[in-house]
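Structural overview
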Amino acid sequence: MKELPLEGRVALVTGVSRRIGIGFAVADRMASMGADLFVHSFIPFDEGNPWGADRGGIGPLLEELRAHGRRVEHIDADFADPVAPRRVIEAAVQAYGHVDILVANHAYYKDENGSLEDLTAQDIDMTMQVNVRGSLLLVKEFATRHDGRPGGRVVLFTSGQHLGPMPGELAYVASKGALHQLTASLSAHLITRGITVNTVNPGGTDTGWATGDLYEAIRARHPQGRWGQPEDAARLVAWLATDDASWITGQVINSTGGG
């Protein structure tokens with residue numbers, strides 16, 4: 001009989017809109033481990049970026065997740081709206097009665113205007129609003145409604161800004177650095193309520209955003225000779241949600257293949 005370590009748990013995963021993305025891989029992994037899912041997406045963001053949105057929209061992704069035999073519900077929301085985090089959490093609780101696991105995978109990233117000379121106030125504000133304010137308010141609303149049952153988990157995402165310079169992504173660096181620094185304090189506040197808080201740095205992950213020379217340059221920096229895959233991050237995130245990881249909290253974990 002297949003072990004289902006997340007059976008009976010409800011996982012809310014944000015940023016699930018592209019089959020090639022980390023959010024989908026996390027949701028898929030958790031469903032395969034027995035979790036019911038409440039997934040969030042914001043398709044207009046993907047449509048406005050070079051990588052584009054999945055053809056066919058969110059429907060085929062949801063059906064693929066449901067193929068594991070778990071319940072899957074969905075909401076579309078823009079975390080630039082300060083009310084959106086509450087709306088998302090409330091919808092998840094209304095659907096299931098409770099939420100055990102929050103994976104804040106969503107991120108605002110703008111490829112252009114990332115260097116110091118090109119930065120605009122609008123880009124800085126939008127990046128911080130979505131990545132920091134959106135994530136922090138999600139944690140607040142999740143914690144407010146968590147009923148104290150075992151298995152409370154929060155997983156945030158950071159980038160490699162603490163391991164080396166990223167001068168072309170300054171607004172993004174600022175937002176991910178903030179989540180990094182919040183991890184220990186959120187953990188200290190929530191662990192007495194049985195909720196662990198950890199942050200994952202998945203390293204360079206092949207989600208379709210890099211092509212050509214950039215793709216090869218990043219691949220060459222990885223000692224294993226390959227990019228990270230979304231499934232690499234998903235295995236770690238899903239494990240952090242299990243009871244086996246209950247003693248781990250307040251950590252920023254670099255899962256980068258040695259790079």
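Please refer to the structure higher up on the page.
Below is a summary of the structure that appears in this document.

Cut-off values and rules
- Residue indices begin from 1 for each chain and proceed along its sequence in written order.
- With pLDDT at 70 or above as the cut-off, local features in this predicted model cover only qualifying residues; side-chain atom pairs require 80 or more to be listed or tallied, and sums for whole chains, interfaces and linings still use all residues.
- As a convention, hydrogens and water are excluded, and side-chain values are obtained from all of the structure's heavy atoms.
- For helices the rule is a DSSP run of H or I covering at least 4 residues; for strands it is a run of E covering at least 2, with both sets numbered from the N terminus onward.
- Between the two quantities, the radius of gyration covers C-alpha atoms and the globule rule is 2.2 Å times the number of residues to the power 0.38.
- Burial classification: accessible surface area is computed with a 1.4 Å probe over protein chains only, and a residue below 20% of its type maximum counts as buried, one above 50% as exposed, and the rest as partly exposed.
- In what follows, a contact means two residues having at least one pair of non-hydrogen atoms within 4.5 Å.
- Each accessible area value is a Shrake-Rupley result obtained with a 1.4 Å probe; residue values ignore everything except the protein chains displayed when judging cover.
- When charges are counted, Lys and Arg contribute as positive and Asp and Glu as negative, whereas His and the chain ends are disregarded.
- For charged residues, the charge sits on one atom: NZ in Lys, CZ in Arg, CG in Asp, CD in Glu.
- What we call a nonpolar core is a set of buried Ala, Val, Leu, Ile, Met, Phe, Trp, Tyr and Cys residues that are connected through their side-chain atoms within 4.5 Å.
- Handedness of a crossover is defined as follows: with both strands directed away from the viewer, a clockwise route from the first strand across the helix to the second makes it right-handed.
- Whether two strands pair depends on DSSP finding at least two bridges between them.
- Throughout this description, a polar contact denotes any pair of N or O atoms lying within 3.5 Å of each other; where both atoms belong to protein, one of them has to be capable of donating a hydrogen while the other can accept it, and for residues adjacent in sequence the pair is counted only when both atoms sit in side chains.
- Arc definition: directions from the helix axis to the C-beta atoms.
- The term salt bridge refers to a pairing of a side-chain nitrogen on Lys or Arg with a carboxyl oxygen on Asp or Glu at a separation within 4 Å.
- Orientation is described by lines fitted to C-alpha atoms, with helices fitted over the stretch in contact, and by angles between N-to-C directions that extend from 0 to 180 degrees.
- Note on angle classes: values under 35 degrees are labelled roughly parallel, values over 145 roughly antiparallel, values of 65 to 115 roughly perpendicular, and the remainder oblique.
- Handedness of a helix crossing follows the sense of rotation of the near helix relative to the far helix, less than a right angle counterclockwise being left-handed and clockwise being right-handed.

Overview of the overall build of the chain
Looking only at helices and strands, the chain features 8 helices and 7 strands. Here the C-alpha radius of gyration of the chain, 17 Å, is about what a compact globule of 259 residues would show, namely 18 Å. Structurally, the chain occupies a C-alpha span of about 50 × 35 × 35 Å along its principal axes. Out of the 259 residues in the chain, the part that is buried amounts to 49%. The long-range share in the chain, meaning contacts at least 24 apart out of those at least 6 apart in sequence, stands at 77%. When the accessible surface of the chain is summed, it comes to about 11,800 Å², and 52% of that surface belongs to carbon and sulfur atoms. Each charge sign in the chain was given a centre, from 23 positive and 31 negative side chains, and these centres are 5 Å apart.

Looking at the nonpolar core
In terms of nonpolar packing, the biggest core is built from 33 residues, with Val13, Val26, Met30, Leu37, Val39, Val103 and Val237 touching the most fellow members. Contributions of two or more residues to this core are made by strand S1 (10-13), helix H1 (22-32), strand S2 (36-41), helix H3 (59-66), strand S4 (101-104), strand S5 (152-157) and helix H8 (230-240). Looking at this core, the element that brings in the most residues is H1, giving 7 residues. If we ignore the near neighbours within four places in the chain, the residues touching Val39 are Val13, Val16, Ala27, Leu62, Leu65, Val72, Glu73, His74 and Ile75. Residues Ala80, Ala92, Val130 and Leu190 belong to the second largest nonpolar core, which totals 28 residues.

Quick word on the pairing of strand S6 (residues 195-201)
Burial analysis of S6 places 7 of its 7 residues in the buried class, the great majority of the element. Both faces of S6 are covered, namely the face carrying Ile195, Val197, Thr199 and Asn201 and the face carrying Thr196, Asn198 and Val200. Traced from S5 through helix H6 (residues 170-190) to S6, the parallel crossover comes out right-handed. With 3 bridges connecting them, S6 and strand S7 (residues 252-254) associate as parallel partners. When the sheet's bridge partners are listed, Thr199 is paired in S7 with Val252.

Quick notes on the side chain of Asn198
Of note, Asn198 is situated in strand S6. Within the local environment of Asn198, its side chain forms a polar contact with the backbone oxygen of Ile248, the two atoms lying 2.9 Å apart. Not counting residues within four places of it along the chain, the set of residues in contact with Asn198 comprises Val154, Val155, Leu156, Thr183, Leu240, Ile248, Thr249, Gly250 and Gln251.

Overview of H3
Here H3 has its buried residues at Leu61, Leu62 and Leu65. All buried residues of H3 project into a common sector of 100° when viewed along the axis, lining one side. The inward-facing, buried residues of H3 abut H1, S2 and strand S3 (72-76).

Quick word on the environment of Leu61
Summarising the element assignment, Leu61 is placed in helix H3. Apart from residues lying up to four places away in sequence, Leu61 is in contact with Ser17, Arg18, Arg19, Phe24 and Asp54.

Quick notes on the side chain of Arg153
Here Arg153 is to be found in strand S5. Within the buried core, Arg153 has no salt-bridge partner, and the shortest N-O distance to an opposite charge, that of Asp243, equals 4.1 Å.

Some points on the packing of H1 against H3
With their axes 9 Å apart at the nearest point, H1 and H3 run at an angle of 25° to one another. Between H1 and H3, the angle falls in the class roughly parallel. Between H1 and H3, the contacting residues are Phe24, Ala27, Asp28 and Ala31 on the first element and Leu61, Glu64 and Leu65 on the second.

Remarks on the packing of H1 against H8
In contact at an axis separation of 8 Å, H1 and H8 are set at 50° when each is read in the N-to-C sense. On the basis of the axis angle, H1 is oblique to H8. Once H1 is placed against H8, the crossing between them reads as right-handed. Contact with H1, carried on its side by Ile22, Ala25, Val26, Arg29 and Met30, involves Pro230, Glu231, Ala233, Ala234, Arg235, Val237 and Ala238 of H8 and no other residues of that element.

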